[in-house]
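# Structural characterization, general
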Amino acid sequence: MKKTLYIASTIVLMACGSTKNTPAAAENIDYAAKYATSITAKDLGKHLFTYASDEFEGRNTGEPGQKKAVAYLKDFYISEAISSPLGGNDYFQEVPGDWLTKNSRATLKDSENVVAFIKGSEKPDEIVVISAHLDHEGIKDGKIYNGADDDGSGTVAILEIAQAFQMATKAGKGPKRSILFLHVTGEEKGLLGSKYYTDVAPLFPLVNTVCNLNIDMVGRIDDRHKADPNFVYLIGADKLSTELHQISEAVNKKYTKINLDYKYNDENDPNRFYYRSDHYNFAKNNVPIIFYFNGTHADYHQPSDTPDKINYNLLENRARLIFHTAWEIANMDKRIIADKAVIKAATAK
């Protein structure tokens, strides 16, 4: 069928004498590839040198530096005309300090998740969540823990991914399903912002949440990959949905060609990274997830985790991988199936 249509359209185009500005020519455009190019190392660096600067004081949950960070995120979304699911200029899902304190070992002040939203054109009630945590360690012993990789890298990746989707939307090529850009607070205190979202106040029903793509540390290289830095660790892609894993693999093969390392996806991995970032609060609710991660390094949770040490070309390609994966999932005819979640539920009975 595709071959016949192609031949037929070619004859029509030849008769017209040109393919310029014709519907058939438009159909041959790879819009995912087109808008992915807007995600650049230069723009990622521009954001991160601000977001992980001393001005933001390590973004400790509820503290003044974290308030500056959420204001930066809000201002970005407003400048890009990306709306909030809360309506108007309210981009903050308030997370009360008493709830944070009750669920952690520390006394914490009021904080907020930052949320932005692109409504799907055909299946708006089905939600793809792209997340990263906005907080870090703050100031300790007079030293600022800037958290450029952890998780400034994931935060600015979301900004660039959101901008790419918005460019597509403005051109009439927006996603069929809705995209929620979710910047969560309190991750360093125990995955608290994401727990508040999933367990207390989900803005959209979790049953309507197609998947969660969570980005936590994607700007560096670990010792294991010094000789071959074009890598990223993927964790959890196959744990709840066979289809999600297959899509992830196919998209990478087509577009970004990154070495997808599944070392930490092993159920017996002693690091237990699957349980240590915000995706887990979605996964425990049977929402399929992928956790994107570059592994730990000497600057992990140290004041030396600064933006000058980020590999921005790697960050660009990793962010494009996540964009392409989200694009594919958001534009599929049918929603991905959490086949392993169904099996687990049946077994539990």
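Predicted, not measured: the structure shown is a model, and the values here were computed from it.

### Overview of the overall build of the protein chain
Each helix and strand in the protein chain was counted, giving 12 helices and 10 strands. For 349 residues, the compact-globule estimate of 2.2 N^0.38 gives 20 Å, and the protein chain sits close to it at 21 Å. Out of the 349 residues in the protein chain, the part that is buried amounts to 55%. Summing over all exposed atoms, the protein chain offers an accessible surface of approximately 15,500 Å²; the carbon and sulfur share of this is 52%. Put simply, the protein chain has 42 plus and 46 minus side-chain charges, and the middle of one group is 5 Å from the middle of the other.

### So, the side chain of Gln 166
Tracing the sequence through the fold places Gln 166 in helix H7 (residues 148-170). By relative accessible area, which is 9% here, Gln 166 ends up buried. Every residue in contact with Gln 166, bar those within four places of it in the chain, is listed here: Glu 80, Ala 81, Ile 82 and Ile 118.

### Observations concerning the packing of aromatic side chains
Scanning the entire structure with this criterion turns up 25 aromatic pairs. On the numbers, 6.1 Å between centres and 85° between planes, the contact of Phe 56 with Tyr 72 is edge-to-face. With Phe 56 in the loop between helix H4 (41-51) and helix H5 (64-79) and Tyr 72 in helix H5, this pair connects stretches of sequence that are 16 residues apart. Seen from their ring centres, Phe 323 and Trp 327 are 5.6 Å apart, and the 50° between their planes marks the pair as tilted.

### Digging into the sheet that holds strand E7 (residues 209-215)
Within the open sheet, the eight strands sit side by side as E1-E2-E6-E3-E7-E10-E8-E9. Their pairing is mixed. The strands lining the two open edges of the sheet, one partner per strand, are strand E1 (92-95) and strand E9 (259-261). Strand-to-strand, the axes of this sheet are offset by a mean angle of 25°, without reference to chain direction. Where E7 lies against strand E10 (residues 289-293), four bridges are found, and the strand directions are parallel. By the bridge assignment for E10, Asn 214 is matched with Phe 291. On top of the sheet, H7 reaches strand E2 (111-118), strand E3 (123-133), strand E6 (177-184) and E7; it is set at about 150° to E3, its chief contact.

### A look at the side chain of Asp 305
Mapped onto the elements, Asp 305 comes out in the loop between E10 and helix H11 (312-331). For the buried residue Asp 305, which engages in no salt bridge, the nearest side chain bearing the opposite charge is Arg 220, 4.2 Å off. Polar side-chain contacts of Asp 305 include one of 2.9 Å to the backbone nitrogen of Asp 149. Excluding residues within four positions of it along the chain, Asp 305 makes contact with Asn 146, Gly 147, Ala 148, Asp 149, Asp 150, Arg 220 and Asp 299.

### Quick notes on the pattern of salt bridges
Once their charged atoms are close, side chains differing in charge can pair, the charge on each being opposite to the other. Taken as a whole and judged by the stated rule, the model has 12 salt bridges. The partner of Glu 112 in a salt bridge is Lys 67, and the shortest N-O contact between them spans 3.0 Å. With Glu 112 in strand E2 and Lys 67 in helix H5, this pair connects stretches of sequence that are 45 residues apart. Glu 112 gets classed as buried once you look at its relative accessible area, which sits at 5%. Among the residues examined, Lys 67 registers a relative accessible area of 30% and is labelled partly exposed. Shared partners join several salt bridges into a network, and the residues in it are Arg 220, Asp 299 and Lys 309.

Reading the values: rules and limits
- Residues numbered from 1 in each chain as written.
- Predicted model: local features only at pLDDT ≥ 70, side-chain atom pairs only at ≥ 80, totals over all residues.
- Heavy atoms only, no water.
- Helix = DSSP H or I, 4+ residues; strand = E, 2+ residues; numbered from the N terminus.
- Rg over C-alpha atoms; globule rule 2.2 N^0.38 Å.
- Buried < 20%, exposed > 50% of the residue type's maximum accessible area, 1.4 Å probe, protein only.
- Areas by Shrake-Rupley, 256 points an atom, 1.4 Å probe, with all protein chains shown as cover.
- Lys, Arg positive; Asp, Glu negative; His and termini not counted.
- Charge placed at Lys NZ, Arg CZ, Asp CG, Glu CD.
- Contact = heavy atoms within 4.5 Å.
- Phe/Tyr/Trp six-rings, centres within 6.5 Å; stacked < 30°, edge-to-face > 60°.
- Pairing = 2+ DSSP bridges.
- Axes fitted to C-alpha atoms, helices over the stretch in contact; angles between N-to-C directions.
- Salt bridge = Lys/Arg side-chain N within 4 Å of Asp/Glu carboxyl O.
- Polar contact = N/O pair within 3.5 Å; in protein donor to acceptor, adjacent residues only side chain to side chain.

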